[in-house]
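Results of the structural survey
Each chain, written out:
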Amino acid sequence: MVRIEALSKRYAAGGTDILALSGISATIGEGEFVCLLGPSGCGKSTLLKIVAGLIPASSGTISIAGRVVTAPGPDRAMVFQDYALFPWMTVVENAEFGLAARGVAPARRAAASAELLKAVGLGEFAAKYPHHLSGGMKQRVSIARALAVDPMLLLMDEPFGALDAQTRFVMQQELLRIWRAYRKTVLFVTHSIEEALYLGDRVLLMTARPGRIKAEIPVASPRPRDIGSVEFARLRAQTLELLSEEIARSMEQEATAAVTS
Amino acid sequence: MSEATLARAAPTPAAVRPRRRPSRDFLLGAGTLVAFVLAWKLVHLSRLFPPWAFPAPEQVLGAFVKTLESGELLKNTWASVARQIVGVVLAALVGIPGGLLLGASRDARAALLPICRMVYPIPGIAWIPLAILWFGIGFKSTVFVIFFTGIWPILFNTMAGVTTLDGQYTDVARVYLAPRMFYVRKVLVPGSLPFIITGIRLTYGVGWRVIVGAEMISSITGLGFMIDDARWQLRPDVMVAGMITIAMIGWVMENWAFDWLERVTIERWGMKSQPR
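What comes next is a walk through the structure. Note that the structure is a prediction, hence the values are computed from the model and not measured.

Quick notes on the rules
Residues numbered from 1 in each chain as written. Chains lettered and ligands numbered in written order. Predicted model: local features only at pLDDT ≥ 70, side-chain atom pairs only at ≥ 80, totals over all residues. Heavy atoms only, no water. Contact = heavy atoms within 4.5 Å. Buried area = accessible area lost by both parts, 1.4 Å probe. Salt bridge = Lys/Arg side-chain N within 4 Å of Asp/Glu carboxyl O. Helix = DSSP H or I, 4+ residues; strand = E, 2+ residues; numbered from the N terminus. Nonpolar A, V, L, I, M, F, W, Y, C, P; charged D, E, K, R; others polar. Disulfide = S-S within 2.5 Å. Pairing = 2+ DSSP bridges. Axes fitted to C-alpha atoms, helices over the stretch in contact; angles between N-to-C directions. Parallel < 35°, antiparallel > 145°, perpendicular 65-115°, else oblique. Left-handed = near helix turned anticlockwise from the far one by under 90°. Buried < 20%, exposed > 50% of the residue type's maximum accessible area, 1.4 Å probe, protein only. 1 Å grid on protein atoms, 1.4 Å probe; cavity = no way out; pocket = protein on both sides within 12 Å on 5 of 7 lines; lining within 4 Å. Points joined across faces, edges and corners; volume = space filled by probe spheres on them. Patch = residues over 30% accessible without salt bridge, like charges linked within 9 Å, V, L, I, M, F, W, Y side chains within 5 Å. Areas by Shrake-Rupley, 256 points an atom, 1.4 Å probe, with all protein chains shown as cover. Phe/Tyr/Trp six-rings, centres within 6.5 Å; stacked < 30°, edge-to-face > 60°. Lys NZ or Arg CZ within 6 Å of the ring centre and 35° of its normal. Expected span 1.5 Å × (residues − 1). Bend = angle between axes of the 7 residues up to and from the residue.

Glancing now at the interface of chain A and chain B. Between chain A and chain B, the contact holds 29 residues from the first and 25 residues from the second. Roughly 2400 Å² of surface becomes buried between chain A and chain B when both sides are summed, with 68% attributable to carbon and sulfur atoms. Seen at the junction of chain A and chain B, the total is one salt bridge. Lys-49 of chain A serves as the salt-bridge partner of Asp-171 of chain B, at 3.8 Å between the closest nitrogen and oxygen. Listing elements by their share of the side of chain A that touches chain B, those giving two or more residues are β6 (76-79), α3 (97-101) and α5 (135-148) of chain A. In terms of residues, the side of chain A that touches chain B owes the most to one element, α3 of chain A, which gives four residues. Looking at side-chain class alone, the side of chain A that touches chain B contains 18 nonpolar, five polar and six charged residues.

Scanning all chains against the criterion turns up zero disulfides over all chains. Of all cysteine sulfurs, the one in Cys-42 of chain A lies closest to Cys-35 of chain A, which takes part in no disulfide; the gap is 13 Å.

This part covers the sheet that holds strand β4 (residues 59-64) of chain A. Residue and element names in this part refer to chain A. Spatial ordering of the open sheet is given by β2-β1-β4-β5, a layout of four strands whose pairing is antiparallel. The open sheet has two edge strands with one neighbour each: β2 (16-28) and β5 (67-68). Relative to β4, strand β1 (residues 2-13) runs antiparallel, the two sharing five bridges. Residue Glu-5 lies in a different strand from β4, and its bridge partner there is Thr-61.

A word on the packing of helix α9 (residues 223-232) of chain B against helix α10 (residues 236-267) of chain B. Any two packed helices are characterised by how steeply their axes cross, that is the angle between the axes, and by the distance between the axes. Residue and element names in this part refer to chain B. Close contact between α9 and α10 brings their axes to 8 Å; oriented N to C, the two are set at 160°. One way to sum up the angle between α9 and α10 is to call them roughly antiparallel. Crossing of α9 against α10: the hand is left-handed. Counting all contacts with α9, which are made through Leu-223, Met-226, Ile-227, Ala-230 and Arg-231, the residues of α10 involved are Val-238, Met-239, Gly-242, Met-243, Thr-245, Ile-246 and Ile-249. Per-class residue counts for the contact of α9 with α10 are nine nonpolar, two polar and one charged.

Bringing the pairing of strand β8 (residues 185-190) of chain A into the picture now. As a general feature of sheets, a regular strand has side chains that alternate between the two faces. Residues and elements named next belong to chain A. Taken across its six residues, β8 has six buried, putting it largely inside the fold. Side chains of β8 alternate between two faces, with Thr-185, Leu-187 and Val-189 and Val-186, Phe-188 and Thr-190 buried alike. Across five bridges, the pairing between strand β3 (residues 33-37) and β8 is parallel. If you follow Phe-33 over to β8, its bridge partner there is Val-186. As defined by bridge partners, strand β7 (residues 153-157) adjoins β8 across five bridges and the pair is classed as parallel. Paired with Leu-155 across the strands is Leu-187, a residue of β8.

As a further point, take empty space enclosed by the protein. All names here are of chain A. Taken as a whole and assessed by the stated rule, the structure comprises one cavity of 30 Å³ or more. There is about 40 Å³ of room inside the largest cavity. Leu-147, Leu-154, Leu-175, Ile-178, Trp-179, Lys-184 and Val-186 together form the lining of the largest cavity. Ranked by the residues each element gives to the lining of the largest cavity, the list is headed by helix α6 (residues 165-182), at three residues. The class makeup of the residues in the lining of the largest cavity is six nonpolar, no polar and one charged.

So, about a nonpolar patch on the surface. All names here are of chain B. A contiguous nonpolar surface patch, about 590 Å² in accessible area, is contributed by Ile-85, Val-86, Val-89, Leu-90, Leu-93, Val-94 and Phe-139. Tallying contributions element by element places helix α3 (residues 72-104) first for the nonpolar patch, with six residues. For Val-89, the position within the fold is in helix α3.

This brings us to the environment of Glu-174 of chain A. All names here are of chain A. As for its position among the elements, Glu-174 is in helix α6. A relative accessible area of 17% places Glu-174 in the buried class. Remark: the alpha-carbon pair of Glu-174 and Ala-77, spanning 97 residues in sequence, is separated by 18 Å. Once you skip the residues sitting within four places of it in the chain, Glu-174 turns out to touch Val-120 and Arg-140.

Turning our eyes to something else, we now look at the packing of aromatic side chains. Taken as a whole and judged by the stated rule, the model has 23 aromatic pairs over all chains. Between Trp-134 of chain B and Phe-144 of chain B the ring centres are 5.7 Å apart and the planes differ by 75°, which places this aromatic pair in the edge-to-face class. On the criterion of sequence distance, the pair formed by Trp-134 of chain B in helix α5 (residues 128-135) and Phe-144 of chain B in helix α6 (residues 139-163) is long-range, its members being ten residues apart. On the accessibility criterion, Phe-144 of chain B (13% relative accessible area) is buried. Of the aromatic side chains, those joined through ring pairs into one cluster are Phe-86, Trp-88 and Phe-97 of chain A together with Tyr-169, Tyr-176 and Phe-182 of chain B. Over the face of the ring belonging to Trp-179 of chain A we find Arg-183 of chain A, whose NZ or CZ atom lies 5.2 Å from the ring centre. Between the NZ or CZ atom of Arg-231 of chain B and the centre of the ring of Trp-232 of chain B, over which it lies, the distance is 4.6 Å.

So, about α6 of chain B. Residue and element names in this part refer to chain B. Over its 25 residues, α6 extends 36 Å from the first C-alpha to the last, a length consistent with the 36 Å expected when each residue adds 1.5 Å. Helix geometry: α6 is bent most strongly at Ile-151, by close to 30°, with proline Pro-153 lying one to four residues after it. The element α6 is largely enclosed, with a buried count of 20 among its 25 residues.

Printed below as a string of structure tokens:
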């Protein structure tokens, strides 16, 4: 239902032409939870932003339900790494942002946001401002904001990257619960192997820059997954081996860049 | 003005501060004020300056009461305050939308910033003769001068607020398909508000600085006129009474109006950086 075809991205930085993404092709089925895993700087967030329509691709296409997309649309919503809540809006106003932007009547907005805030466990906090909330709670608001516009595709850019380990684990379980309840297609960017293998139906492993799809790892085991199991350990070891080559290359690139600049 | 904050504060839990300041701070502030008045009195008693040029605190208080009773003080204060309010409001009405435009559009910056930067350093006082030719003596020429000197801080601050606004906010607005005016109202203006409020504070301060000068030259009412007029009557006590009136109006605006504005907006939202 989501098709990424021969997608490349180059950009100019400091007079040099940099190839960030090269020949990315992938398909995501309806209702599927796909994780995009890669070393830092591999362009996975760039890929997500291209799918969101926030930045243009240099070549290649993205189509959703058969339609080629080049700009943001009602079929997609995004959850950002550092929440990106508006500090001047209350929790409920933040959750309703997408609906308000689309001109949905206040009564319908209120009904939708009340239900969603309850679903993410923040019913009591509707009138609070974001700076009163913890990181995990802020990300719940951000998820409610994304679900409120009822998108087909939910794009998540390292949403739990800034959270502590415990909150992160809780949020991962919460996300799976929400995903089951709302049946969304999810594209989830992360640099954590455990997170990718715990959440995804499938993990797309990316190479160091220029980002390509290096491997596709299906995760067949039923949820909730046992991260202490032999099966999980085997998969993790296999993924780690693939990823560590790329991490080494990525660090090499960074070191070269630091020397030459 | 000194505590005007230009930094965009990270919304941290530490930003929640109890409203009541400790009374120790109040005592220290009040103590310094009392010490200042005592020192003033001592200088007066020492005859360091001739008494006709250096009034004692109680003489100033007397002049204050007398001008208050005669209605002279209130009349002139109101004349100044009315000009100040009209001038600052006009500066905000032009400066805020102008700053939003300059901040949001690269072309607007390229087209307008050079001329703004050339006009901006001209001191407000320099506009007064021209303003008198155009508008005559009194209300209009003073308002014009306040407007023309007051617009810059608010214009440049609003622009800075927009250009430094977190790009992620714009991404959110785009992902959720916010129309342009919705984006301006709900994201751009509130997101730039810490800078806009600082700009209004500065504009207000600049306004008072220039209004007194303008009234000395081009007016027959107002606190500036009152202070200048006292010179001809050799009444330094009236001069100082006028100056203290200006100080008190400034203090009230800083501590009540602007602080209140910040409390109900950026402080409530956790966007104000706190003094350590």
